[in-house]
Structures are given as C-alpha cells and as structure tokens.
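So you can see what is in the structure, the chains are spelled out below.
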Amino acid sequence: MPEQSEPLLDAALDYLRAGLCVLPANLKEKRPAVPSWKPYQKQLPKEDELRHWFAGGAEALCIITGAISGSLELIDFDMAGHAYEPWARLVEGRCPGLLEHLVRERSQSSGVHVCYRYDEPVPGNTKLASRLIERPDARPVMLAAKEYVPRLVGGRYVVEPALIETRGQGGLFLCAPSPGYVLKHGSFEDLPVLTMQERAVLIECARALNEVPDHPQPDTAHPSTSFDGGRPGDEYNARGDVREVLKAHGWTLVQAGENERWRRPGKDEGSSATFNGKVFYCFTSNAPPFEMNRGYSPFAVYAQLKHGGDFAAAASALAQQGYGAATEDTEGVDLSVMLGPLAEDDGRECEDPGLLPESLLRVPGLIAEVMDYTLDTAPYPNPVLAFAGALGLQGFLAGRKVRDSANNRTNLYLLALANSGTGKDHPRKVNQRILLEVGLQDCIGDAFASGEGIEDRLYAQPSMLFQTDEIDAVIVAMKEGKEQRYEGIMQMLLKMYTSSDGLYPMRVKAGKEHKVIDQPSLCLLGTAIPTHYYEALSAKMLTNGFFARMLILEAGPRGDGQEPVCRDLPDSIVETARWWSNFRPGKGNLENWHPIPRAVDYTPVARELLAAFRRDTDLEYTNAEADQDTVAMTIWARAGQKARRLALIYACSQDHENSTVSEDAIRWAADFVRHQTRRMLFMAYGHVAENPFHADCLKIIEKLRNAPDRELDHSTLLKRMKMDAQSFHKLIDTLLQRGDIGVRQEPTAGRTATHYHLAPGATKGRTGVNNRRKRKSRSLLLDWAVKDRNEDE
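None of the values given here were measured: they were computed from a predicted structure.

## Points about the sheet that holds strand β34 (residues 752-758)
Strand order in the open sheet formed by 3 strands is β32-β34-β33, with antiparallel pairing between adjacent strands. Edge positions in the sheet fall to β32 (711-713) and β33 (741-747), since each of these pairs with one other strand and no more. Strand after strand, the sheet turns through a mean of 25° between neighbouring axes, direction not considered. Relative to β34, β32 runs antiparallel, the two being bridged by 3 bridges. The residue bridging D713 from the neighbouring strand is H755, located in β34. Most of the contacts of helix α23 (residues 692-705) go to β34, to which it runs at about 95°, and overall it touches β32, β33 and β34. Relative to β33, helix α25 (residues 725-738) is tilted by about 110°, and along the sheet it contacts β33 and β34.

What follows is the structure, encoded as structure tokens:
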C-alpha cells in the first residue's frame, strides 16, 4: 500500500465503524473513486472493500451523506468560508453553546464544513445562501479558486456564487485526512445528533445570510405575438439545436450517446449535467443560471443563456429565425389566428366551477362561530366576506404557535373581491372587537405605508393581522404599469410569507446592529373591487409571487339587507380567542422571541388523502408544464402548500386544545384549494390576453356570458364595447369564424334585428395551447385512496 494511503485507510475504517458510509475519492474531481457509488447510498461498504480500494493508491476519501450514514448532514460554506463567521454569530445568539457540539473542518479551498446527524430523515442537497456579484462584461472571473462565467440579467453581467449549501440525502463530501482538509473541531466518529429545533436554527441562520432574492424561473414561452403553426418555444424544442448554444457559452460535451454528459464552464474534469435530447438536467450548484437538481427544456436553456431568462424576448428572437412563423400584420390575413383556440378544438378546457359553494364556507369550531356572529350582526350579510374574516382571524391566532409535520404555518394572504356597499368593513370590525377583548389590539394593522414600516411593526409584534383596502391600489397600479411604488412592499410581503418557519433578515441600517425577525407570522385580509381585479388580470399578475400565494375569494352580489344589531360577543368566541392569546409554546425566556410551535399531527387516513391530493396537483402541474402554460404551472405549484395550511387551520378551529389534522380537514382543504385553483384558471383564461385584439375578443365573450340567456342584440353589444363599428365587425367576424359565438336574425317592423349569442364551447375557459392528450377525470381521487386502503386492510 502506498505510504500516503495508510492514514486514509485507518481513518476510513474508523469512520465505517462509527456508522459512516466512506469511499475512496478523486481529489481533483471531488467524486468517489469507485466504478459506481449509487449502491452505497443504500448499503455500507465492507472493511475488505475499503482495504482493497485503498491498496490501489486512493488519494482522498469521502463520506456519503443522508440516511446511509445515520441521517448525516453537512453545511458547506463556500467562497473561502466568507459567510461562516456571520452565521456562527447568529447561531450563538439564538442557541448559545450549540456550535461547540458540531464537527467542523476546513476544506481544500479554505471553505468550512459543519457536520452533524439529525434525529429525522434529512432532505436532499439544498442551496441556502448566495451572493450576486456584478461584472463589467462576460469574461470569466475567478472567485475563491473557482471560475465563474457571468450571465446577462436585466442588462447587467452578474455571477451568483453559492455561499452556503447543504449536503444531505444523495450527497457526499470530501473530508479529513484527505490532502487539504483539516479537522478543526470534534470528530467524525462522534457526531452530535441534533433535534428538529436545533437543526432549524442552523438552517434559518444560513438562509438569513442569503443576498439574492428568490425569483421564479418559468420554463415556458409566453410571447407577446401569436404564431401560426405553434409557438417558437415549442418548435425550438422539436427541431432546435441547443448544443451549439451550450458550447458557445462554455459548456463542454464530455460523453455523447442517448444520455449525454456535459461539463460546466470553469471545470476541467467530470460532468455537471445530462441531456437526453429533450431535458437538460443540471446536478451542480455552480453552473448559474441553472439551478441544481432541475431539468430544463431546450427552449428554457436557450432563453436562460441567450436572453438572461427573458422568455418573451427569446420567443421573439426565435420567431425572427423562422421558428413559429410569426404573423405581425393584421391587414389581409385571418384575424382568428391572433386568438388562439378559444372555441371548439382540441385545446385544454377549464370548466367554470362558479363561485365558492356555501358547503366550503363551513369550518367547525371558532371559524363557524365567528362567521355566524358576523352574519347575524351585519347590515348586509355576505357569507364569503364573513368566512374570509373568520379564516384570517384563526390563521392569525394560531400564528407562531402550531405547525404541521412539514413545518407549515397558519399565516394566510386572503383577498376578498367585493363591490362597494357589500359590507366589506363589518368582518374587519368583528375581528377588531375580538382581539381588543383578549388584549391583542396591538397586533392589528390597517395600512401599508412602506415595506420598512411593516418590518418595524413585525419586529415589535412578530404575529400580526393586517386588514386593509390597499390591495385595490396595488392592483390598479399594476394595471396601469405603475407598480414600482408598491414593488418593495410586495417583495417584502412575499419574503415575509416564505419566512414564517425561519428567520426574516431586516434591512440594514447605518450604524445599527443587523436585526432579524424570528418566525414572522403576518396574516393579510385584503379587499378589492372585482372589476379592478379582473381588468388588471394578466399573466404577469398571476405569476407574481405575491398574488400567486393569495387565496382569492369572490363575494358575489350584495345580499338582502337586515336591521343591524349590536350585541355582545359570545362567551365561547372570547374564551377560545383568549386561550390562543395565552398559549405560549416554547421554553424559558425565549418563548416570546423564539417560540417552538406545537406539532399538529395527521391521522393515518388524512396522510393518505394528502398524498393523493399531492399526486393530483403534481399531475396538473406536469400537464401545464408540458403545455408551457406559465399561469397554470404557477397556480398549481402553490396548491399543495395552500391545502396544508388550510387543513392545519381547520384542525385548530375544530379543537384548539387537542388539534389533529383529520380526514375531514384534508377533504375540505383539498376541495377548497381545487375549486379556488380552477376558478382562478377559468378567470385567467377568460381575461388574460396575448395582445389587444385578443383582449377585445375576450371582452365580447365575457359580455355575452354575463348577459341574460347569454345573448345581446347588435346595437347593445356595440355600445357596451365602446368602439368604432369597423373594429367591432372585425371582432365579430373572427369570433364567428372561430365558432365562439353564433348569430340569430329576427325579423322586426321595417328591418331585421341581429342577435349574437355565446356558443356552447366558449362557456369554458381555455389555455390557448394545443393539448391532444385525453385526460381522465380524477374528481374522486381522494375517495379512491381511502377505498384502496380499506381494501388492503
């Protein structure tokens, strides 16, 4: 055995005897030096295997993370460990003494590894914090001994190196005594086992150091121009050669074949991604703009590399190259081309589920009691508004106090669409009375002066209920293209929403200590005028991270009035609200600053139902992704999380002292989210237009849909469209050719009256994307899941 391999073998045997999956490694490529290491994610090597491998002259060793090594997880501080000291200070401040229990080593690139075991299964590799560095041009740059190729984003060349990431299930890392790796604290043979709360502190403190805001990267084309014969992105996926684009941006083809292997720029050996002709799959975190463990279509690769992620610009550029056969001039051409398949064809249909049925407005316990009281005392009772107020109240009361097994919390963003005079203010007043009665009046907010102002309020009161009409102003500003004023507020609200199970880093003030908000719980109960919302509805709005997370509730027409009464709050409401106010999960002096929420478990049947719903929504997302339908992808992507949060709130309302997510809770939450998602999609397909002509066509369909018997005479429809006769006739001709509307001639005294009516096929919303796959209805999928379980038993 080579002399340098002896200490490596000794360490490897010690690690193996301590229950770690250890393998020989290639030092330069940072990968296992065995023909295939996948089997060792499920079984430990034998001592004889280690002796055989290291006898061959292994130059380094590595440890496989995840379940095979006893739920081992590593936090990797890259960029020469730049973020380690700030992270360590945050951890020490939140959990004094925890750092002393962790194993720590220095890597060969002067980074830092922090290792521990976890008492639950660890997730896969995860990027926790990154840095955005602007560069003058596209020339490669060396950072901490690694080469990065700048990419163009918003007219700027930037690189986005990872600062902190984990190695978990399916991961590995090189370790001491490999050359360049030095153990600084602790021992791999004696790894600490962390609790969920302790690990959460480490992860949350790491996320708090992220310098790059989260941003969606849709894998779709949404060109502003319609194209005959398919969208440019679709055609590029079918016949474009993305390999030349990859090579032009520094990628190297390492291995040809059915599943090609590609190496990222700045790397001399090994591979970083695979490509099978349809999907480019990146499995490294050091190849921006691509994300680790994510697949990209050829068009998405083209858009990311050539146009900085601007899919519309990419589609337009491809159209100029002959993809999609663009049609720009409307003179002398069939205007129906501009519509997309609005009428009877093979497009994917989206039935209108209608307004939320009253059966979904009933949640037992506190929500039902508050709702009934609100309806009894309102001058114009509206069940949807009463329900929205009660749901928001329960979400607020349980904020920072409960969680489910996936660490979901109860903070909700609710938007109730209601016209003036429908009684929007009464549910807000009821919530104010309840919170005043139990001493939580300081937790109520009603105005968004600025993002900084909201931060300051949440720093003083980490759990708040904001009840505001200002969402209407945001919607109108988005419609008019003047949303810059509210952009900071929307980004802050989005970040606050996603930080409810961790730390929210506040803005840095000059000369002030950097502050964070621990587990902020902001519940938002907003209202808006329906016409403002529908007129502003656009793909941009629906894919906006803030609005995509909202629950949109339509109040419908104003109900019958009644004599308003002023009566005391029921004792049961006050007692339950006071119980939540006094409930303090946590330990010692930190229970207010850092509560440890009570875990609310699922019944076995509820877990099966939730899994069935997840499969259902995953399939919807997959279908939308195949159709390159950005809006549907965005909305279905949020469905699972919304259902989990709503089921948790249902459990808290049903039994606040002994909450359990039951079968009824999952059924209600799944039905609620499914209905709301389909309603949002239907409204989107009926209002979101690709160009002005398309928008006017949709307006005619909408006006006919809302007319008595879905029919209007010629003069009435022309007046309601408020346009010249020539433009109106072009719209009518196009809709008649498409079969979206029909015409009826009625003889009258002196002349024949023309009436237009909505064709049966146009009563359904459509994606505007061809989809020839036949889909089987799964409306009873949840019932099937329970049926299968019962049959198995």
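From this point, things continue past the structure.
## Quick look at the nonpolar core
Formed by 107 residues in total, the largest nonpolar core has its most connected members in F387 and L415. With 13 residues, helix α22 (residues 663-687) is the largest single contributor of residues to this core. Setting aside its immediate chain neighbours within four residues, L415 contacts I471, I475, G526, T527, A528, Y533, F547, M550, L551, I552 and L553. In this structure, L8, L27, C62 and I63 belong to the second largest nonpolar core, which totals 38 residues.

## Focus: the environment of C652
By the secondary structure assignment, C652 is in helix α21 (residues 639-654). Separated by 254 residues in sequence, C652 and A398 place their C-alpha atoms 7.3 Å apart. Ignoring anything within four residues of it in the chain, the contact list for C652 reads Q394, A398, V402, W580 and S659.

## Observations concerning the pattern of salt bridges
Taken as a whole and assessed by the stated rule, the structure comprises 29 salt bridges. Between R428 and D469 there is a salt bridge, with its nearest N and O atoms 3.5 Å apart. Here D469 lies in the loop between β26 (463-468) and α13 (471-479) and R428 lies in helix α11 (residues 425-437), a separation of 41 residues in the sequence. Accessibility expressed as a relative area gives 10% for R428, which makes it buried. What makes D469 partly exposed here is its relative accessible area of 38%. Taking the shortest distance from any N to any O, the salt bridge between R705 and E702 comes out at 2.7 Å. Highlighted residues: R705 and E702, both in helix α23, separated by 3 residues, approximately one helical turn. Sharing partners across several salt bridges, the network here consists of D14, R17, E47, D48 and R51.

## Concerning the sheet that holds strand β24 (residues 413-417)
Judged by pairing direction, the sheet is parallel, and its 5 strands sit side by side in the order β25-β26-β29-β24-β30 without closing on themselves. Strand pairing shows two members of the sheet lacking a second neighbour, β25 (444-445) and β30 (551-554), which therefore form its edges. Pairing of β26 with strand β29 (residues 521-528), which is carried by 6 bridges, proceeds in the parallel orientation. Bridge pairing in β29 links Q467 to L525. The sheet contacts of helix α10 (residues 383-397) involve β24, β26, β29 and β30, and relative to β29 the element is tilted by about 165°. Across the sheet, α11 lies against β25, β26 and β29, angled at about 150° from β26, the strand it touches most.

## Structural notes on a negative patch on the surface
On the surface, a cluster of negative charge is made up of E437, D568, D571 and E575. Its place among the elements puts E575 in helix α18 (residues 571-582).

## Observations concerning the pairing of β34
Across the 7 residues of β34, 5 count as buried, placing the element largely inside the fold. Relative to β34, β33 runs antiparallel, the two being bridged by 7 bridges. Looking across to β34, one finds that P747 is bridged to T752.

## Notes on the confidence of the model for the protein
In the predicted model, the protein carries a mean pLDDT of 81, and the fraction of residues at 70 or more is 83%. Contacts of residues 214-229 to residues separated by more than four positions or lying in other chains number 54 contacts, the stretch itself having pLDDT below 50. Every residue in residues 326-349 scores below 50 in pLDDT, and together they form 69 contacts with partners more than four places removed in sequence or on other chains.

## Some points on unusual backbone geometry
With an omega of 10°, the peptide bond between A176 and P177 qualifies as cis. Relative to the helices and strands, P177 is located in the loop between β14 (172-174) and β15 (182-185). That bond from P288 to P289 is cis: its omega, 10°, falls within 30 degrees of zero. Tracing the backbone through its elements, the reader meets P289 in the loop between β20 (280-282) and β21 (294-296). In this structure, S110 takes a positive phi of about 70° despite not being glycine.

Cut-offs and rules
All residue numbers refer to position in the chain's written sequence, counted from 1. For this predicted model, a pLDDT threshold of at least 70 governs which residues receive local features, and a threshold of 80 or more governs which side-chain atom pairs are given and counted, while totals over whole chains, interfaces and linings are taken from all residues. Heavy atoms from the whole structure form the basis of all side-chain values; hydrogens and water molecules are not counted. Strand pairing is defined by DSSP finding a minimum of two bridges between the two strands. Counting from the N terminus, the helices are DSSP H or I runs at least four residues long and the strands are E runs at least two residues long. Simply put, an axis is a line fit to the C-alpha atoms, just over the touching stretch for a helix, and the angle between two N-to-C directions goes from 0 to 180 degrees. Here a residue-residue contact requires only that any non-hydrogen atoms of the pair lie within 4.5 Å. Among the buried residues, those of types Ala, Val, Leu, Ile, Met, Phe, Trp, Tyr and Cys that are joined through side-chain atoms within 4.5 Å form a nonpolar core. Using a 1.4 Å probe on the protein chains alone, a residue whose accessible area is under 20% of its type maximum counts as buried, one over 50% counts as exposed, and one in between counts as partly exposed. Basic side-chain nitrogens of Lys or Arg form a salt bridge, by our definition, when they fall within 4 Å of a carboxyl oxygen of Asp or Glu. Only residues whose relative accessible area exceeds 30% and that form no salt bridge enter a patch; like-charged residues are grouped when within 9 Å of one another, and nonpolar side chains (Val, Leu, Ile, Met, Phe, Trp, Tyr) when within 5 Å. Here the Shrake-Rupley method, with its probe set to 1.4 Å, supplies the accessible areas, and only the displayed protein chains count as covering residues. Charge convention: Lys and Arg are scored as positive, Asp and Glu as negative, and His as well as the terminal groups of each chain are ignored. Charge positions are represented by NZ for Lys, CZ for Arg, CG for Asp and CD for Glu. Known as pLDDT, the predictor's per-residue confidence is scaled from 0 to 100.

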